[in-house]
Amino acid sequence: MSNARSSMLAMQLHRPGDPLQLVERPIPVPAPGKIVIEVSACGVCRTDLHVVDGDICGNLPIIPGHEIVGRIISQADDVRSFNVGQRVGVPWLGHTCGHCLYCSLGEENLCDDPQFTGFTRDGGFASHTVANANYCFAIPDSFGDAEAAPLLCAGLIGYRSLRMAGDAQRIGFYGFGAAAHILTQIAVWQGREVYAFVKPGDRRSEDFARSLGCSWAGGSDQTPPLPLDAAIIFAPVGALVPAALRAVRKGARVICAGIHMSDIPSFPYRDLWHERCVRSVANLTRSDGEKFFALLAKVPVETVVTTFPLQSANEALGKLRAGEIEGAAVLVP
Ligand SMILES: [Zn+2]
Ligand SMILES: [Zn+2]
């Protein structure tokens, strides 16, 4: 796409359950605090699937996509943090109110009046997008555009989940997609042992997990060889909560990293007993992003991506839904 063009293309959701539709509209002019970005790549996250399938409801119509990498083509006069031409990343957290209880406590991920990219404000399944400059990040030079995209949510919210899991030595990951494949590399670099739980019988994902340094890989219906010190559930499957509680030791945490899950089946209290703990992780703070990208300057993370043209967004979503993506799916305009 040339910077000279005056219109942008996007894949827009009009109604949950329907395929995204290609739309064309004028490239916006940046309002105060905003930057206009020519998108180079945008990751396809499971949350996008939840939006498209109607599992969660934001604004409609909406352009999904919250793992955006691109270059600034114009910005408001009051933007000081970036320059035109600079590469930036746009994450899920698009705006916060700055004055609610949670914002004042430094827990802006829980803000009462937030905006989320690709959910309540238009996202990156597009040739261009607009973002609030104060919520964007600079991207380390060591990553290509497509390779950087999954860092913006899978990596970043995955990293928040890893921190919530505490300093567990033996950690289990349930669901081995975009987030787990990034987090495994960080956890192994930190000297932890990673146990990968995949869909029963999915040998390809088991091999993928082992190739990234997992100590063990097996089906989510299996018991790990040793009790785990913590587990993170990335898959949107509520039945994994009691399964993970049975796989962890006394006092361990089970972290639910996704925005949506099927219902959690009832389970005996003894599985929670002994101070085991279940906690969800919601969104991110800008501080999470700063810590995460600072860490990536030290950890040699390599992301595995499958790219699709922007106009094949529906195909990419279908493959993610079917579990056919190794690593992360990324749209390239
Ligand atoms: Zn707030
Ligand atoms: Zn996401």
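One can find the structure itself at the top, above this paragraph.
Let us now look at the sheet that holds strand S13 (residues 228–233). Strand order in the open sheet formed by 6 strands is S12-S11-S10-S13-S14-S15, and the pairing between neighbours is parallel. The sheet terminates laterally at strand S12 (216–219) and strand S15 (277–280), the two strands that pair on one side only. Each strand of the sheet is rotated relative to its neighbour by a mean of 20 degrees, with strand direction disregarded. Of the strands in this sheet, strand S11 (193–198) and S12 touch helix H6 (residues 203–211), which is tilted by about 165 degrees from S12.

All right, on to the environment of Ala231 then. Mapped onto the fold, Ala231 is located in strand S13. Among the residues examined, Ala231 registers a relative accessible area of 0% and is labelled buried. C-alpha of Ala231 to C-alpha of Trp92: the two residues are 139 residues apart in sequence and 23 Å apart in space. Contacts of Ala231, omitting those with residues within four sequence positions, involve Gly172, Tyr174, Ala244, Val248, Arg253, Val254 and Ile255.

Moving on, we get to the coordination of the zinc ion (ligand 1). For the zinc ion (ligand 1), the full set of protein donor atoms is Cys97 (SG), Cys100 (SG), Cys103 (SG) and Cys111 (SG), and the range of their distances to it is 2.3 to 2.4 Å. What the 4 donor atoms of the zinc ion (ligand 1) show is an angle range of 104 to 117 degrees at the metal, which sorts the shape as tetrahedral. In the primary structure, the donors to the zinc ion (ligand 1) are separated according to the pattern C-x2-C-x2-C-x7-C. Take Cys100 and Cys103: they sit in the same class, and that class is buried.

Rules of the game
- Residues numbered from 1 in each chain as written.
- Chains lettered and ligands numbered in written order.
- Predicted model: local features only at pLDDT ≥ 70, side-chain atom pairs only at ≥ 80, totals over all residues.
- Heavy atoms only, no water.
- Pairing = 2+ DSSP bridges.
- Helix = DSSP H or I, 4+ residues; strand = E, 2+ residues; numbered from the N terminus.
- Axes fitted to C-alpha atoms, helices over the stretch in contact; angles between N-to-C directions.
- Contact = heavy atoms within 4.5 Å.
- Buried < 20%, exposed > 50% of the residue type's maximum accessible area, 1.4 Å probe, protein only.
- Donors = N, O, S within 2.8 Å, 3.2 Å for Na, K, Ca; no water.
- Tetrahedral: all angles 85-135°; square planar, octahedral: opposite > 155°, others 65-115°.

That is the geometry; function is a separate question.
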